[in-house]
Amino acid sequence: MSDFPAVVELNVGGVQYASGLDTLRSEDGSWLQEVFGGSADDMPKDSQGRFFIDRDGVLFRYVLEYLREPAKFKVTAEFQDRVRLRREAEFFRLSGLVEALTKEPGCITIGYRGSFQFGRDGLADVKFRKITRLLVHGRVAICREVFGDTLNESRDPDHGGPDRYTARFFLKHVFIEQAFDMLQDNGFRCVGSCGSGTAGSITENLKPGVDSEENRWNHYNEFVFIRD
């Protein structure tokens, strides 16, 4: 049994905190669980009897915020100390916080140009949506993180660092549901969409091999995803 009090008074790098003992020990395998699961006599104390932790006192508030409600913890895009806070999370062995800080907030737009796939009987034999290409718009580093090897960068050679933005990436497949799954798996959610109308395209002077009926039903859709 631990001999720490139920409410623990802390001095973290000169900043005072108070936290429930259960909160400090809530994440399995963490430094805090290990230390506050042991003997109170092994922890250094300041002159007022508060348990002393020699880490960044200002950033420790975010550590406590995370431990209190891990599922709701977020840092905004404007947060300036992401790198420093991640170092603190790594020291305290808080894997959930490290993961939250690794996935930066951002926005990705998925666009596709398509039509409807017609069978031999034309309009009476429409099979399904026909997509010619899935386009990706967003910051390069985040696009690479989400789509990995499925991202085709051949149209957009690397002219700069990962913080630049691109509107020229596309995916190596045309399965829009797969793209949506990959975005969801990486913490993105759809916040908006828009699309052009169909049956409005000009059917004259078509390129060889282009079906005039399918061309009439060309349309373009975009879906906006954010991670915050």
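The rules we used
Throughout this description, residue numbers start from 1 for each chain and increase along the sequence as written. Local features in this predicted model are restricted to residues whose pLDDT is 70 or higher, and side-chain atom pairs enter the listing and the counts only when it is 80 or higher, whereas totals over whole chains, interfaces and linings include all residues. Hydrogens and water are ignored here; the side-chain numbers use all heavy atoms of the structure. Strands are runs of DSSP state E lasting at least two residues, helices are runs of H or I lasting at least four, and both sets are numbered from the N terminus onward. Here's how the labels work: a residue is buried when its accessible area is under 20% of the maximum for its type, exposed when over 50%, partly exposed in between, all with a 1.4 Å probe on protein chains only. Only the protein chains shown count as covering a residue, and every accessible area follows the Shrake-Rupley method with a 1.4 Å probe. We call a pair of cysteine sulfur atoms a disulfide when they lie within 2.5 Å. To define a nonpolar core, start from buried Ala, Val, Leu, Ile, Met, Phe, Trp, Tyr and Cys residues and group those joined through side-chain atoms within 4.5 Å. Throughout, a contact is declared for two residues whenever any of their heavy atoms are within 4.5 Å. In what follows, salt bridge is the name for a side-chain nitrogen of Lys or Arg lying within 4 Å of a carboxyl oxygen of Asp or Glu.

An unreviewed UniProt entry annotates the chain as Potassium channel tetramerisation-type BTB domain-containing protein of Aedes albopictus.

Observations concerning the overall build of the chain
The number of helices and strands found in the chain is eight helices and nine strands. Per-residue burial over the chain gives 39% buried out of 228 residues. Split by element, the accessible area of the chain, about 13,200 Å² in all, is 49% carbon and sulfur.

Focus: the state of the cysteines
Counted under the stated rule, the structure contains zero disulfides. Free cysteine Cys143: the closest other cysteine sulfur is in Cys107, separated by 9.5 Å. Residue classification places Cys143 among the buried residues on the basis of a relative accessible area of 0%.

Quick word on the nonpolar core
In this structure, Leu10, Phe36, Ile53, Phe60, Val63 and Leu85 are the most contacted members of the largest nonpolar core, which totals 32 residues. For this core, the secondary structure elements donating two or more residues are β1 (7–12), α1 (21–24), α2 (31–35), β3 (51–53), α3 (60–68), α4 (82–91) and α5 (95–102). Considering each element in turn, this core owes the most residues, six residues, to α3. In this structure Val63 touches Leu32, Leu85, Phe92, Leu94 and Leu97, once residues within four positions along its chain are discounted. By size, the runner-up hydrophobic cluster in this structure holds 21 residues, among which are Tyr112, Phe169, Met182 and Phe188.

Topic: unusual backbone geometry
Phi at Arg93 is positive, roughly 55 degrees, even though this residue is not glycine. With respect to the helices and strands, the residue Arg93 is situated in the loop between α4 and α5. On the accessibility criterion, Arg93 (37% relative accessible area) is partly exposed.

What to know about the side chain of Asn221
Mapped onto the fold, Asn221 is located in strand β9 (residues 219–227). With sequence-adjacent residues up to four places away left out, Asn221 is seen in contact with Ile110, Gly111, Tyr112, Cys194, Gly195 and Ser196.

Notes on the pattern of salt bridges
Close approach of charged atoms lets side chains of opposite charge pair. Across all of its chains, the model carries 10 salt bridges by this definition. For the salt bridge of Asp22 with Arg25, the shortest nitrogen-to-oxygen distance reads 3.9 Å. The exposed category is assigned to Asp22, whose relative accessible area is 60%. The partner of Arg227 in a salt bridge is Glu145, and the shortest N-O contact between them spans 3.0 Å. In this pair, Arg227 sits in strand β9 while Glu145 sits in helix α6 (residues 140–147), placing the two residues 82 residues apart along the sequence. Under the relative-accessibility criterion, Glu145 is labelled partly exposed at 32%. Each of Asp56, Asp81 and Arg84 takes part in salt bridges that share partners, so that together they form one network.

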